[in-house]
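Each chain, letter by letter, is given below.
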Amino acid sequence: MEKKLYIATAIPYVNGTPHIGNALDYLIADIWTRYQKQNGHEVRFQVGTDEHGNKIAAKAAGLHMDPKAYTDSTYVNFENMVKKVGASYTDFIRTTDDHHVAAVQYIWQTLAPYIYKGTYKGWYCVGHEAFFTDKEVQATNGICPDHQTPYEQVSEENYYFKTSVFTDLIRDAIMTDTMKIVPEFRKKEFLDLIKDGLQDVSISRPKKNLSWGVPVPGDPEQIMYVWIDALANYITVLGYPDKEGWQQYWPADVQVIGKDILRFHAGIWPAMLLGLGLELPRKLLVHGFVIVGGEKMSKTVGNVVDPNEIIDSYGLDAFRYFFSRHIPTLDDGDFTWEKFENAYNSELGNDLGNVVQRVASMITRYQAGVIGEAPQGEHDMSAYHEVMDNLEFNKAMDEVWQMVRSLNQYIENVKPWEIAKKISKDSEAESHLSEVLAYCVGALLQIGDLLVPFLPATAEKIHKTFESGVIVPTDGVLFPKLYLHTPDPQAPKAA
RNA sequence: CGCGGGGUGGAGCAGUCUGGUCAGCUCGGAUGGCUCAUAACCAUCAGGUCGCAGGUUCGAAUCCUGCCCCCGCAACCA
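Thresholds, definitions, all that
- Residues numbered from 1 in each chain as written.
- Chains lettered and ligands numbered in written order.
- Predicted model: local features only at pLDDT ≥ 70, side-chain atom pairs only at ≥ 80, totals over all residues.
- Heavy atoms only, no water.
- Buried < 20%, exposed > 50% of the residue type's maximum accessible area, 1.4 Å probe, protein only.
- Helix = DSSP H or I, 4+ residues; strand = E, 2+ residues; numbered from the N terminus.
- Phe/Tyr/Trp six-rings, centres within 6.5 Å; stacked < 30°, edge-to-face > 60°.
- Lys NZ or Arg CZ within 6 Å of the ring centre and 35° of its normal.
- Axes fitted to C-alpha atoms, helices over the stretch in contact; angles between N-to-C directions.
- Parallel < 35°, antiparallel > 145°, perpendicular 65-115°, else oblique.
- Left-handed = near helix turned anticlockwise from the far one by under 90°.
- Contact = heavy atoms within 4.5 Å.
- Nonpolar A, V, L, I, M, F, W, Y, C, P; charged D, E, K, R; others polar.
- pLDDT = per-residue confidence, 0-100.
- Expected span 1.5 Å × (residues − 1).
- Polar contact = N/O pair within 3.5 Å; in protein donor to acceptor, adjacent residues only side chain to side chain.

**Q** Help me get a handle on helix α13 (residues 316–325), residues and values and all.
**A** One turn of the α-helix equals 3.6 residues, which is why residues spaced by three or four share an orientation. Summarising burial for α13: nine of the ten residues are buried, a large majority. Listed in full, the buried residues belonging to α13 are Asp 317, Ala 318, Phe 319, Arg 320, Tyr 321, Phe 322, Phe 323, Ser 324 and Arg 325.

What follows is the structure in structure tokens.
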């Protein structure tokens, strides 16, 4: 029996609309999920939303809504985005779910030996709903640059979680790759960050400062701050602690996170798990940010790219293609509409789409669509599997495109159209031709297999066209040319 | 002396750990070939002091030293 696998994504805060970073989370997790399913694993794939906190409460109040009613209306945007990128998720969790809330309170009680009450004094920014260090306050002359409001000196009672006591265990787990942080440089970065030990973390707020959240068990004056509430989702969604079956999936095989939230997932979260006596996730996949034309995406600059627009214009597989191949899985990547369209036209259209088309067309033309026995694709896939296992999906796509290229070169070398001309004179030409074309089909079917995790719809079309032994014509070509952001070479030249 | 990543032909990158077989790949450009194909495909060519200055070596993009420049991060920012 293969082990059941669990893959989890960070849950975004529902204050706002889904952006390309969220889409990237879902896409990466989905590629891994489909890859593992293809390898015969059963996979549970979680997504969800973080719905508590002051910003939500404030936004709801602004709309004269109850916070829950507000999140009921917005979480859907995220679920739609998950579906839009084709993510094959199995579970969607909201931190306002009843089971989650109850489970979080159970977790708090279980962690009680590591929780103590303390007083926090510091400079507080209402807009951030967060405290800032003296250094930061000095650097900004006491005015929060984001909100243009002065920091206030605030003192409040909080509960703290003793993450510090788990420092050595966590450091050890990271160093030995028991909890493997991928890529390596993120691992180093984090180890450096905790070289002086983890610092205890404040996990509650007085009710007067934070009303919308999970109540602290046994203390009506305190509400849980984001950490325990949000991070716990990764296990509560599986049914922890009371529903059957979660043990089959925990520990997670991979947790997909952005580089901005590594410290929480590599520090606080493992501490919680250790406090609960649970295993740590096997791997943390830390991806980078999507930048646009070399600049950070930001609303004020107005360069925000909406994933919906890409998918609506070019199709889902085109979106999945660009963001899996041209945005490195483990690093920042650059998006521009020109880059996207060039990749679409030349790589998806000219390379992949065209080679599918030309092979299908030759078989139809020379052999009335009959393929015969296609041999197993003989390309060595070990490089592909190696980079997949290293979670470098972009490199796996490079491997696939290498194969596409080779196939085009092969066709050019063998020149099936010339063999076809000899059929009337040369008795061996006919079998030679069908052998050549069957080889091409074998290669295409292999390419199709490798594309399953990345471009599910395209992979299916390729299989459908070739796998039956007879060409099944498709409607239109795979990736028709589009010139929405780059000049159309066929357009009449401007004077 | 805070930490990390990076500076390679017009653009984007690989190669640096394990010195020579490295100056490579993709896009873009030029030329040619082909006609099965989505004006697609294939081949060839142009070309870069491998950030700068020293050093080690028979030999350095690759190792050592110093310097310059760019980009993140710097703990409660999902």
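And the narrative resumes.
**Q** Give me the lowdown on the packing of aromatic side chains, citing residues and values where you can.
**A** For the structure on display, the rule yields 30 aromatic pairs. For the pair Phe 322 and Phe 323, a centre-to-centre distance of 5.5 Å together with 70° between the ring planes defines the contact as edge-to-face. Here the two residues Phe 322 and Phe 323 agree in accessibility, since each one is buried. Relative to Phe 335, the ring of Phe 322 has its centre 5.7 Å away and its plane inclined at 85°; by these criteria the two rings are edge-to-face. On the criterion of sequence distance, the pair formed by Phe 322 in helix α13 and Phe 335 in strand β16 (residues 333–335) is long-range, its members being 13 residues apart. Like Phe 335, Phe 322 is buried. Within the aromatic cluster, the residues linked to one another by ring pairs are Tyr 314, Phe 319, Phe 322, Phe 323, Phe 335, Trp 337, Phe 340, Tyr 344 and Phe 479. When the ring centre of Tyr 75 is taken as reference, the NZ or CZ atom of Arg 94 above it lies at 3.8 Å. Its guanidinium or amino end placed over the ring of Tyr 225, Arg 205 lies 3.8 Å from that ring's centre, counting from NZ or CZ.

**Q** Lay out the packing of helix α14 (residues 337–367) against helix α16 (residues 393–414) in plain terms, naming residues and giving numbers.
**A** As a packed pair, α14 and α16 sit with axes 10 Å apart at the nearest point and diverge in direction by 45°. By the angle class used here, α14 and α16 are oblique. In this structure, the crossing between α14 and α16 has a hand that is left-handed. On α16, the residues touching Glu 347, Leu 348, Asp 351, Leu 352, Val 355, Arg 358, Val 359 and Met 362 of α14 are Trp 401, Val 404, Arg 405, Leu 407, Asn 408, Ile 411 and Glu 412. Residue composition of the contact of α14 with α16, by class: nine nonpolar, one polar and five charged.

**Q** Could you give an account of the confidence of the model for chain A, naming the residues involved and the relevant values?
**A** Mean pLDDT for chain A: 88, with 93% of residues reaching 70 or above. What the predictor reports for the complex is a pTM of 0.92 with an ipTM of 0.87.

**Q** Give a detailed account of helix α3 (residues 67–84), specifying residues and quantitative values.
**A** Taking 1.5 Å of rise per residue, 18 residues should cover 26 Å, and α3 covers 26 Å from first to last C-alpha, within 8% of that figure. Listing the buried residues of α3 in full gives Pro 67, Tyr 70, Thr 71, Thr 74, Tyr 75, Phe 78, Glu 79, Met 81 and Val 82. Of the surrounding elements, those touching the buried residues of α3 are α1 (20–38), β2 (43–49), α2 (54–62), β3 (91–94) and α12 (307–314). If you check the start of α3, you find a side-chain oxygen 3.1 Å away from the backbone N of Lys 68, and it comes from Asp 66.

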